[in-house]
Amino acid sequence: MEAIKATFDQVAQQHEEIHGIVAEIRLFLEVPRPDLGKEGAHSWSTRLSEHLLLLHDKLYCHFRDEERTGFLGELDRAFPRASRAIDALCKEHDWILRNLGSLLSASICYSAGREPENPQLRRWTLSLVEQLERHEREETDLYQRLQYEDLGVGD
């Protein structure tokens, strides 16, 4: 159990870094995007792309760490009853990264002026951020619930 705790501490630190990036994205999205054809319209999307690329890079490494270095694997071995929940979390990793990649691609195309404005970029970004936050909460909640149940202090 001590190994899982140490690994969780590392995961929790990564979650904090991800929360910082997400907070920056949320703050960025509060500033209205200039209308298409107005000064700053394409640079808005370029800055959004920079934020999304940073998030993608951080998430890719974080998700692979969780899967490969063992946090989720350790949880699965220690708590076989949680296998389905852990498997679902791992599948969400790929889904989140695919959707983030699509969003990043759309924002890059728009910033390069190769495609017309996608009026959904802001909503799409917020939706993805909310899904990511929910995913991270579920992961943390699962770990904490398993710990409490293991100690015999669950519901």
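These numbers come from a predicted model, not from an experiment.

(A) The confidence of the model for the chain, seen in detail. The predicted model of the chain has a mean per-residue pLDDT of 85, with 88% of residues at 70 or higher. Of all helices and strands in the chain, the one with the weakest mean pLDDT is helix H3 (residues 71-78) (84), whereas helix H4 (residues 83-111) scores best (91).

(B) Quick look at the pattern of salt bridges. Taken as a whole, this structure holds seven salt bridges when the rule is applied. Linking Asp94 and Arg64 is a salt bridge whose minimum nitrogen-to-oxygen distance equals 3.2 Å. Taken together, the residues Asp94 in helix H4 and Arg64 in helix H2 (residues 41-69) connect sequence positions 30 residues apart. For Asp94, a relative accessible area of 35% translates into the label partly exposed. One salt bridge connects Asp87 with Lys91, and the closest N-O pair in it is separated by 3.2 Å. Remark: Lys91 and Asp87 occur in helix H4; sequence separation between them is four residues, near one turn of the helix. Take Asp87: its relative accessible area is 39%, and that puts it in the partly exposed class. Salt bridges here are not isolated pairs; linked through shared partners, they connect Arg64, Glu67 and Asp94.

(C) Local environment of H3. Here H3 has its buried residues at Phe71, Leu72, Glu74 and Leu75. When H3 is viewed along its axis, its buried side chains cluster within an angular range of 160° and face the same direction.

(D) Structural view of the nonpolar core. In this structure, Ile25, Leu48, Leu52, Leu55, Leu59, Leu121 and Leu132 are the most contacted members of the largest nonpolar core, which totals 23 residues. Only helix H1 (2-30), H2, H4 and helix H5 (121-151) provide two or more residues apiece to this core. At seven residues, H4 tops the list of elements feeding residues into this core. If we skip the residues at most four places from it in the chain, Ile25 touches His51, Leu52, Leu55, Thr125 and Val129. Phe71, Phe79, Ala82 and Tyr143 belong to the second largest nonpolar core, which has 13 residues in total.

(E) Representation of the packing of H3 against H4 in the model. Close contact between H3 and H4 brings their axes to 9 Å; oriented N to C, the two are set at 165°. Of the possible angle classes, the one that applies to H3 and H4 is roughly antiparallel. Our pair here, H3 against H4, has a crossing hand that is left-handed. Side by side, H3 and H4 meet where Leu72, Leu75 and Asp76 of the first sit next to Ser83, Ile86, Cys90 and His93 of the second. Looking at the contact of H3 with H4 residue by residue, the class counts come to four nonpolar, two polar and one charged.

(F) Fine view of the side chain of Ser45. Relative to the helices and strands, Ser45 is located in helix H2. On the basis of relative accessibility, which here comes to 0%, the residue Ser45 falls in the buried class. What Ser45 contacts, discounting residues up to four positions off in sequence, is Ser107, Tyr110, Ser111 and Leu121.

(G) A look at the packing of H1 against H3. As a packed pair, H1 and H3 sit with axes 9 Å apart at the nearest point and diverge in direction by 145°. As H1 runs across H3, the sense of the crossing is left-handed. Between H1 and H3, the residues in contact are Ala3, Ile4, Thr7, Phe8 and Val11 and Phe71, Glu74, Leu75 and Ala78, respectively. Within the contact of H1 with H3, the residues separate by chemical class into seven nonpolar, one polar and one charged.

The rules behind these values
- Residues numbered from 1 in each chain as written.
- Predicted model: local features only at pLDDT ≥ 70, side-chain atom pairs only at ≥ 80, totals over all residues.
- Heavy atoms only, no water.
- pLDDT = per-residue confidence, 0-100.
- Helix = DSSP H or I, 4+ residues; strand = E, 2+ residues; numbered from the N terminus.
- Salt bridge = Lys/Arg side-chain N within 4 Å of Asp/Glu carboxyl O.
- Buried < 20%, exposed > 50% of the residue type's maximum accessible area, 1.4 Å probe, protein only.
- Arc of directions from axis to C-beta.
- Core = buried A, V, L, I, M, F, W, Y, C linked by side-chain atoms within 4.5 Å.
- Contact = heavy atoms within 4.5 Å.
- Axes fitted to C-alpha atoms, helices over the stretch in contact; angles between N-to-C directions.
- Parallel < 35°, antiparallel > 145°, perpendicular 65-115°, else oblique.
- Left-handed = near helix turned anticlockwise from the far one by under 90°.
- Nonpolar A, V, L, I, M, F, W, Y, C, P; charged D, E, K, R; others polar.

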